[in-house]
Amino acid sequence: MTKTQTVQFPADTLERVHEIIKRYPEGRQKSALLPILHLAQAEWRWLSPEVMDYVAGLLNIKPVEVYEVATFYTMFHLEPVGEHVIEYCRTGPCCLMGGVEVYDHLKKKLGIETGETTPDGKFTIKEVECLAACGWGPVFQIREKYYMHLTKEKVDEIIEELAK
Amino acid sequence: MKILTQYIDVPGIETIDVYRKHGGYAAVEKALKTMSPDEVTEEVKKSGLRGRGGAGFPVGMKWSFLAKPEGVPRYLVCNADESEPGTFKDHYLMMKSPHTLIEGMIVSSYALGAKSSYIYVRGELMYVIHILEKAIQEAYNKGLLGKNILGSGYDLDLYVQPGGGAYICGEETALLESLEGKRGNPRNKPPFPAVKGLYQCPTVVNNVESIAATSWIVMNGGDEYAKIGIGRSTGSKLISVSGHVRKPGVYEIPLGITVEDFIFADEWCGGIRAGHKLKAVVAGGSSVPILPAELILKTTNGEKRLMTYESLSDGGFATGTMLGSGGFIVMDETTCIVHNTLTFGRFYHHESCGQCSPCREGTGWMDKILYRIEHGQGRQEDIDLLVDVSKKIEGNTICPLGDAAAWPVAAAIRHFRDEFEWHVKHPEKATQPGAVFMREGASWAV
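Residues numbered from 1 in each chain as written. Chains lettered and ligands numbered in written order. Predicted model: local features only at pLDDT ≥ 70, side-chain atom pairs only at ≥ 80, totals over all residues.

Undergrad: For the nonpolar core, give the residues involved together with the corresponding values.
TA: Residues and elements named next belong to chain B. Val-77 and Val-281 are the most contacted members of the largest nonpolar core, which has 178 residues in total. For this core, the element with the most residues is helix H18 (residues 401-425), which contributes 12 residues. Discounting chain neighbours no more than four positions away, the residues touching Val-281 are Leu-291, Ile-296, Phe-328, Ile-329, Val-330 and Met-331. (Core = buried A, V, L, I, M, F, W, Y, C linked by C-beta atoms within 7 Å. Buried ≥ 20, exposed ≤ 12 C-beta atoms within 10 Å, placed from the backbone. Helix = DSSP H or I, 4+ residues; strand = E, 2+ residues; numbered from the N terminus. Contact = placed C-beta atoms within 7 Å.)

Right under this line is the structure:
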């Protein structure tokens, strides 16, 4: 996104924003910040300063109140990411289930390291902590979808499907 | 004895019609129409139900601490931030049977006099949030939520709140901060949430599994619940199993079965994967002390260890551990304890909120020291240094994350010091891919 573009949710999302704000007592609209940041990231893939300023305006809070929250929670991308962000679990139980080998295969297949994006802008790989799916590991997440019981072959299939 | 998962595999149980066909929402009917809020609380007290998120604090007692000043709203907040490595039981329950939680939320909110309740779910589980929201809408449509529920005069609104990816928000005051739209920094206590919680109003925060159990308690009575289990470990517990067993997954067990049966019986984990042997177990989520095979199966008195709060902690931290959240991580002889401890150390370093210096700095130091031992650059004195750092974190922070970071490191060295020494003394061997130290005469030798 460039600065010249206007940041504005589509009408249906905006309606959703107003519904969310109503979940909290009057004057407590700041509680809607995390849900709305998730909507913003779904809309624009990452949270640019312009997007965060826009969210601050929607909630009538100071921009810094958004920045300090967005930088605290690891799900929010503060830099541009690829079309598909693959977030793999690096914690102990997934390693026991064979995670390290599978993730190495994933990096090799895409030719990038953790934190990088493929040159075509299609994939970003991120390393995350436990995703609460330990017995179903190794596991990674792409947006809202969990991919579990991963093997090298499964990784190949998933990547090939998404690359289409 | 299945309390939470009896119908979990029934096709369509996530829909309200199928759920009701199997007795669902009868507890709402019974509580709201025939019991006073205090009577519900009394049954929960009698049940002996203890907090299933990890701390094991009696739920009924926690409820009884709730301040009830006139004209001030009270809140029930469900902690579904499940983020402790090894723990995925709440994920399983909410994903498969969302109404089990919603029913418990209504019953518990009624007992506490809450008119608005929130389920705080870790943000990564957005697909589960959609499942819950759909189920909540169904409950509204059937008059089980909203104004004048089932004609009882009781009003309740229920909302789902996503987190943003932060383990610390499983700590109840951090969770409340997060729910207020702030960074998840734990609060200083007192005041406790029961007096000043969400929006500075009296608040109870309970784990998913604890809240879900209250419906059964209302239907069958606290005394019946207390008949299951042993001593102060009453009722059933969801155990999420990962690692090297034949059948990883989530099991609901009656508290009191032996650890040996749980690991080896076909009804539960089905034993260690073929051709391998049990080396160690982390019994209650990554923060609890790891125990080697001989200590997890038997206490030092030679008694079979049971799946109860008391039996697992028998021997203190010297030879025991904790039931914790029920995140049961099983390791066979192919597991490098140093590598596993490094992943835990890295986890707590990553998740420290940074408020308290001992945790902020100490978790970073432990992560770095573990990294260099694992990568063949460790020094002999590093092993004692790790123990020293862990001791200086423990008990010196405002929330339990510091302890949670310190315990697994100290326990790994307590029970597997030879493995750390081997890494330091033989870095060329220890850094070979897949290299694992084998203790001479160990029960897990193959």
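From this point, the discussion proceeds with the structure in view.
Undergrad: Which residues make up the pairing of strand E1 (residues 75-80) of chain B, and what values do they have?
TA: Residue and element names in this part refer to chain B. Taken across its six residues, E1 has six buried, putting it largely inside the fold. Covered by surrounding structure in E1 are Tyr-75, Val-77 and Asn-79 together with Leu-76, Cys-78 and Ala-80, the residues of both alternating faces. Across six bridges, E1 lies against strand E2 (residues 116-121) in parallel orientation. Counterpart to Asn-79 in the pairing with E2 is Tyr-120. Here five bridges tie E1 to strand E4 (residues 203-207), and the two strands are oriented parallel to one another. Bridge pairing links Val-77 to Val-205 in E4. (Pairing = 2+ DSSP bridges.)

Undergrad: Got a sec to walk through the packing of helix H17 (residues 380-393) of chain B against H18 of chain B? Specific residues and values, please.
TA: All names here are of chain B. Where H17 meets H18, the closest approach of the two axes is 9 Å, and the angle between their N-to-C directions is 165°. Judged by the inter-axis angle, H17 sits roughly antiparallel to H18. The handedness of the crossing between H17 and H18 comes out as left-handed. The segment H17 lies against H18, with Gln-380, Asp-382, Ile-383, Leu-386, Val-387, Ser-390 and Ile-393 engaging Gly-402, Ala-405, Ala-406, Val-409, Ala-410, Ile-413, Arg-417, Phe-420, Glu-421 and Val-424. Looking at side-chain class alone, the contact of H17 with H18 contains 11 nonpolar, three polar and three charged residues. (Axes fitted to C-alpha atoms, helices over the stretch in contact; angles between N-to-C directions. Parallel < 35°, antiparallel > 145°, perpendicular 65-115°, else oblique. Left-handed = near helix turned anticlockwise from the far one by under 90°. Nonpolar A, V, L, I, M, F, W, Y, C, P; charged D, E, K, R; others polar.)

Undergrad: Please provide a residue-by-residue account of the domain arrangement of chain A, values included.
TA: Where the parts come together, the accessible area they lose is often given as the size of the interface. For chain A, the assigned domains are domain 1 (11-70) and domain 2 (84-163). Domain 1 of chain A and domain 2 of chain A are separated by 29 Å when their C-alpha centres are compared. (Domains from an automatic or database assignment.)

Undergrad: Which residues make up the domain arrangement of chain B, and what are the values?
TA: All names here are of chain B. Taken domain by domain, chain B consists of domain 1 (16-226), domain 2 (230-332) and domain 3 (337-430). A C-alpha centroid distance of 23 Å is found between domain 2 and domain 3. Contact residues are listed per partner, giving 10 residues for domain 2 and 10 residues for domain 3. Of the residues belonging to the side of domain 2 that touches domain 3, the class tally is eight nonpolar, two polar and no charged.

Undergrad: I'd like a rundown of the environment of Pro-119 of chain A, residues and numbers included.
TA: Here Pro-119 of chain A lies in the loop between helix H6 (99-110) and strand E2 (123-128). For the pair formed by Pro-119 of chain A and Gly-82 of chain A, sequence separation is 37 residues and the distance between their alpha carbons is 9.2 Å.

Undergrad: Go over the sheet that holds strand E11 (residues 327-332) of chain B, please, and point to the residues and values.
TA: Spatial ordering of the open sheet is given by E8-E7-E11-E9-E10 (chain B), a layout of five strands whose pairing is mixed. If you trace the sheet from one side to the other, it starts and ends with strand E8 (249-254) and strand E10 (291-292) of chain B, each paired once.

Undergrad: So what's going on with the environment of Leu-47 of chain A? Residues and values would help.
TA: Residues and elements named next belong to chain A. One can find Leu-47 in the loop between helix H2 (33-44) and helix H3 (49-59). Residue classification places Leu-47 among the buried residues on the basis of 21 C-beta atoms within 10 Å. Residues Leu-47 and Ala-70 lie 23 residues apart in sequence; the distance between their C-alpha atoms is 8.1 Å.

Undergrad: Can you break down the sheet that holds E2 of chain B residue by residue, with the values?
TA: All names here are of chain B. Spatially, the four strands line up as an open sheet ordered E3-E2-E1-E4, and their pairing is parallel. Either end of the sheet is taken by a strand with one partner, and the two such strands are strand E3 (157-162) and E4. Adjacent strand axes in the sheet meet at a mean angle of 20°, parallel and antiparallel pairs treated alike.

Undergrad: Go over the packing of helix H3 (residues 37-47) of chain B against helix H9 (residues 208-220) of chain B, please, and point to the residues and values.
TA: Helix-helix packing is described using two parameters, namely the angle between the two axes and the distance between the axes. Residue and element names in this part refer to chain B. One can describe the packing of H3 onto H9 by two numbers: an axis separation of 9 Å at closest approach and a directional angle of 100°. Viewed along their axes, H3 and H9 adopt a mutual orientation that is roughly perpendicular. Seen from H3, the contacting residues are Val-40, Glu-43, Val-44 and Ser-47; seen from H9, they are Thr-214, Ile-217 and Val-218. Of the residues in the contact of H3 with H9, the class split is four nonpolar, two polar and one charged.

Undergrad: Help me get a handle on the environment of Arg-305 of chain B, residues and values and all.
TA: Residue and element names in this part refer to chain B. Mapped onto the fold, Arg-305 is located in the loop between helix H12 (293-297) and helix H13 (309-312). Using a count of 23 C-beta atoms within 10 Å as the deciding quantity, one classes Arg-305 as buried. As a C-alpha pair, Arg-305 and Tyr-140 span 165 residues in sequence and 45 Å in three-dimensional space. Beyond its immediate chain neighbours, meaning those up to four positions away, Arg-305 contacts Thr-258, Val-259, Ile-296, Leu-297, Lys-298, Thr-299, Ser-311 and Leu-312.

Undergrad: Can you break down the interface of chain B and chain A residue by residue, with the values?
TA: Taken residue by residue, the interface counts 46 residues in chain B and 36 residues in chain A. Looking at the side of chain B that touches chain A, the elements that each hand over two or more residues are helix H7 (126-141), E3, helix H8 (172-179), strand E7 (236-243), E11 and helix H15 (337-351) of chain B. For the side of chain B that touches chain A, a count of residues per class yields 17 nonpolar, 22 polar and seven charged.

Undergrad: So what's going on with the pairing of strand E1 (residues 84-89) of chain A? Residues and values would help.
TA: Residue and element names in this part refer to chain A. The element E1 is extensively covered by neighbouring structure, given that five of its six residues are classed as buried. Relative to E2, E1 runs parallel, the two sharing six bridges. For Cys-89, the partnering residue across the bridge sits in E2 and is Val-128. Inspection of the sheet shows E1 paired to strand E3 (residues 140-142) by three bridges, in the antiparallel sense. Bridge pairing links Glu-87 to Gln-141 in E3.

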